[in-house]
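Chains, contacts and geometry: an overview
Each chain, written out:
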Amino acid sequence: MNKTLNRRDFIKTMSATTIGVATVASGITLTTFASTNKVPVTNEKRWGMLIDTNKLTEADIDGMVSACQKEQGWGSELYSTGNQKPGWIKKLKVKDKATGKVSNLALMCQHCEEPPCVDVCPTNASMKREDGIVLVDKHLCIGCRYCMMACPYDARSFVHETLRNQKEHMPRGKGTVESCTMCVHKVDKGEVPACVASVNSDAVIFGDLYDVSSKINQTLKTVQSAQIRADLNLNTGIRYSGI
Ligand code: SF4
Ligand code: SF4
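What you see is a predicted model, and the numbers here were worked out from it, not measured in a lab. (Residues numbered from 1 in each chain as written. Chains lettered and ligands numbered in written order. Predicted model: local features only at pLDDT ≥ 70, side-chain atom pairs only at ≥ 80, totals over all residues. Heavy atoms only, no water.)

**Comments concerning helix H7 (residues 215–222)**
Since there are 3.6 residues in each turn of an α-helix, residues three or four apart along the chain are aligned in direction. Residues Ile-216, Asn-217 and Thr-219 constitute the buried set of H7. Relative to the axis of H7, the buried residues are bounded by an arc of 170° and lie together on one face. In this structure, H7 carries Lys-221 and Thr-222 as exposed residues pointing more than 90 degrees from its buried face. On the buried face of H7, the contacting elements are strand E2 (47–52) and strand E9 (204–208). (Buried < 20%, exposed > 50% of the residue type's maximum accessible area, 1.4 Å probe, protein only. Helix = DSSP H or I, 4+ residues; strand = E, 2+ residues; numbered from the N terminus. Arc of directions from axis to C-beta. Contact = heavy atoms within 4.5 Å.)

**Some thoughts on the pairing of E2**
Of all six residues making up E2, six are buried, and the element is well covered by its neighbours. Neither face of E2 is open: one carries Trp-47, Met-49 and Ile-51, the other Gly-48, Leu-50 and Asp-52, and all of them are buried. When E2 meets E9, the two strands line up antiparallel, connected through five bridges. Bridge pairing links Met-49 to Phe-206 in E9. In this structure, E2 lies alongside strand E10 (residues 238–241), joined through four bridges in parallel fashion. Each residue of the ladder has a partner; that of Met-49, found in E10, is Ile-238. (Pairing = 2+ DSSP bridges.)

**Brief notes about the site of ligand 1**
Surrounding ligand 1, one finds Cys-109, Gln-110, Cys-112, Pro-115, Pro-116, Cys-117, Val-134, Cys-151, Pro-152, Tyr-153 and Arg-156. In the shell around ligand 1, the residues fall into nine nonpolar, one polar and one charged. (Near = heavy atom within 4 Å. Nonpolar A, V, L, I, M, F, W, Y, C, P; charged D, E, K, R; others polar.)

**Quick look at the site of ligand 2**
The immediate surroundings of ligand 2 are formed by Met-49, Cys-68, Gln-72, Trp-88, Ile-89, Cys-180, Thr-181, Met-182, Cys-183, Pro-193, Ala-194 and Cys-195. For the shell around ligand 2, a count of residues per class yields ten nonpolar, two polar and no charged.

**Describing the confidence of the model for the protein**
The predicted model of the protein has a mean per-residue pLDDT of 87, with 84% of residues at 70 or higher. Overall, residues 1–32 carries pLDDT values under 50, and its contacts beyond four positions in sequence, including any with other chains, amount to 74 contacts. (pLDDT = per-residue confidence, 0-100.)

**Comments concerning a nonpolar patch on the surface**
On the surface, a cluster of nonpolar side chains totalling about 230 Å² of accessible area is made up of Val-120, Tyr-146 and Met-149. Note that Tyr-146 resides in helix H4 (residues 146–150). The class of Tyr-146 is partly exposed, set by a relative accessible area of 37%. (Patch = residues over 30% accessible without salt bridge, like charges linked within 9 Å, V, L, I, M, F, W, Y side chains within 5 Å. Areas by Shrake-Rupley, 256 points an atom, 1.4 Å probe, with all protein chains shown as cover. Salt bridge = Lys/Arg side-chain N within 4 Å of Asp/Glu carboxyl O.)

**Points about the nonpolar core**
Residues Met-49, Ile-51, Leu-56, Met-64, Ile-89, Met-108 and Val-204 are the most contacted members of the largest nonpolar core, which totals 39 residues. Of all elements in the fold, only E2, helix H2 (58–72), strand E3 (89–95), strand E4 (102–108), helix H5 (184–187), helix H6 (194–197), E9 and E10 reach the threshold of two or more residues within this core. Formed by ten residues, the second largest nonpolar core is a distinct cluster that contains Cys-121, Ala-125, Cys-147 and Val-177. (Core = buried A, V, L, I, M, F, W, Y, C linked by side-chain atoms within 4.5 Å.)

**Side note on the packing of aromatic side chains**
In the structure shown here, the tally under the stated rule is two aromatic pairs. Seen from their ring centres, Trp-47 and Phe-206 are 5.2 Å apart, and the 10° between their planes marks the pair as stacked. In this pair, Trp-47 is assigned in strand E2 and Phe-206 in strand E9, connecting sequence segments 159 residues apart. Side by side, Trp-47 and Phe-206 carry an identical accessibility label, which is buried. (Phe/Tyr/Trp six-rings, centres within 6.5 Å; stacked < 30°, edge-to-face > 60°.)

Shown next, in the form of structure tokens:
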């Protein structure tokens, strides 16, 4: 799950993924999300994260990846190799060529306000909730992988093999696309995402970007922060400081 690239490459590189046709394996029933949310989802909230790369250690990021795998059930695929392996959250090293400063980033779906993955999806499987969380409806996904090509963050994975022992809240299926859900099944119960909970410091802050009393809102008002590929004007829900 490790990648190394310099800062300029990282900022400029667009991902490209081979397109193909896939079908959901017969006999698999996939639900969208087993949400227990009793409160209507509205656009009065916008969930987001602020990741401080000066505070986040490599061990923290490894812990975030492990927590995501454990929570969502990916990472134990038996037959997928190399680029076929799912990667909902990745550890990236970004080097500033001018100063030599190396930053470690945790990179997952950026939950864009204007998500290209949603724009290109021919079946509306890629969708954005009113509160900004971007998801894939596994019932509607036909595995065309247009969304993977459109995503500038290489945030999505394609399931190449038949899976077993899946999580009840996160059914996955061969021939469909998946990515970070911002742990919507936890967020809808008032909990924080698993990766955030795994970090034993305030290096990652999760919360409602619109809530002026939230820690994330207040912190964003006082520290320098950046969006990855801000030039694309996607208004990402994931923000970084220290880069
Ligand atoms: S990061 Fe990629 S997958 Fe996530 S919302 Fe943006 S375009 Fe879609
Ligand atoms: S929010 Fe949940 S799904 Fe997304 S990277 Fe963190 S643990 Fe994984």
